[in-house]
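# Breakdown of the fold
Chain by chain, the residues:
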Amino acid sequence: FETRPASIYPALSLLKRKPTPLVIDWIDWWGHGGLIKEHRPLWYQFAFGKLETWYEEHFRTRADASTVIARGLQERAVKLGVQRDSIFWIPNGCSPEVADQVRGQNFRNKFNVPSDHFVVGFSALDVTIGVDKAFQAVSLVKQKHPHVTMLMTGKKDPAIMNAAKSAGVADSVMHLGFVELEDYPRALSCADVFVVPFLDRIANQGRWPGRINDYLSLGIPIVTNPIGEMKTLLSEHEIGLLAEESAAGFAGALNQLIENPDCRRRMGDNARHLAERDLAWSTLIDRLEQAYEFAIAHAAEKYAQPQLAGQT
């Protein structure tokens, strides 16, 4: 899982002692202007940027098979010399059975969410790229539809609330912070739509935001941007709207969904269908098995030990 020192060196040590099929996963674009630029201070980028990138890239060709969470990482791996047919795209999966426990129920009273408001959801563990655009969009939407609340979960950083104040929507933002695990889907189910800023950043070419899968499982449409995996996902499936990454672009998409409840319901149904089928873990696990089978066959040839091909 990734190629940081804590994982790659034990793996290489094992390979010296025993020929073994090796599958390496790549889950985020970190170096070369990726998440390190978004999540680390300048001194860290200067001191460790090249080292982070080296560890991220150097060992990729050692793998018998690779799994990537985003097709942007697949193209990056190919440029590093990894054979294209050895790379398997496996996005984050959905667990719709978790959402089944809350779908169709109303938890707004539990979280003191106004029952008559249109609720824009935003959830993030720590990646909040573009949240300022979401706040600015809500400010614009409120000019036309005053009864709008933005409901947030995740890391309650002071900078986030300062951005809400700067946009003039602090009174319209309810930030629950981190909630108990059983309350997480209940809180998300209060939303009418989710906004997922996915701005034109290098990091977003190699990401699949995990929160998307929770939204799909709940059957709630999303508003995001035509970048990376989000562009492909919403171009192939009618589960929300792609907006320009400006505040006005987000606001226009949100207004469209506020004013078209039938469209919102249809997109929500499509999202749930996608979560139950193409993006269900029970479906995606087949791709992981294919990666393992490919790695076993490749390792058998590489080590000239046919018995590896019979391993499971």
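In this text, all values refer to a predicted model and were calculated from it rather than measured experimentally. (Residues numbered from 1 in each chain as written. Predicted model: local features only at pLDDT ≥ 70, side-chain atom pairs only at ≥ 80, totals over all residues. Heavy atoms only, no water.)

## Focus on the packing of aromatic side chains
Rules: To pair, rings of Phe, Tyr and Trp, with the six-membered ring standing in for Trp, must have centres within 6.5 Å; the planes then decide the type, stacked if under 30 degrees apart, edge-to-face if over 60, and tilted in the middle. Labels follow the DSSP assignment, with helices taken as runs of H or I lasting at least four residues and strands as runs of E lasting at least two, numbered in each case from the N terminus. Only protein chains enter the accessibility calculation, which uses a 1.4 Å probe; a residue is then buried when its area is under 20% of its type maximum, exposed when over 50%, and partly exposed in between. A ring is scored as having a charge over it whenever the NZ atom of a lysine or the CZ atom of an arginine sits within 6 Å of its centre and within 35 degrees of its normal.
Following the criterion strictly, the structure yields 10 aromatic pairs and no others. With 6.0 Å between their ring centres and 90 degrees between their planes, Tyr9 and Tyr55 make a pair best called edge-to-face. Remark: Tyr55 occurs in helix H3 (residues 42-57) and Tyr9 occurs in helix H1 (residues 5-17); sequence separation between them is 46 residues. Classification of Tyr55 as buried rests on a relative accessible area of 15%. Members of the aromatic cluster, connected to one another through ring pairs, are Tyr9, Trp54, Tyr55 and Phe59. The ring of Tyr44 has Arg40 sitting right over it, with the charged end atom 5.4 Å from the ring centre.

## What about a nonpolar patch on the surface?
Keep this limit in mind: Candidate patch residues must exceed 30% relative accessible area and have no salt bridge, after which like charges are joined if within 9 Å and Val, Leu, Ile, Met, Phe, Trp or Tyr side chains if within 5 Å. Using a 1.4 Å probe, the Shrake-Rupley method yields the accessible areas, and only the shown protein chains count as cover for residues. Each reported salt bridge corresponds to a side-chain nitrogen of Lys or Arg within 4 Å of a carboxyl oxygen of Asp or Glu.
A cluster of nonpolar side chains, contributed by Trp43, Phe48 and Leu51, occupies part of the molecular surface with about 330 Å² of accessible area. On the accessibility criterion, Phe48 (34% relative accessible area) is partly exposed.

## A short note on the environment of Ile212
What counts here: Here, two residues are considered to be in contact whenever any of their heavy atoms come within 4.5 Å of each other.
Locating Ile212 in the fold gives a position in helix H9 (residues 211-218). Between the C-alpha atom of Ile212 and that of Ser123, which follows or precedes it by 89 residues, the distance is 9.4 Å. If we skip the residues at most four places from it in the chain, Ile212 touches Val196, Ile222, Met230 and Leu233.

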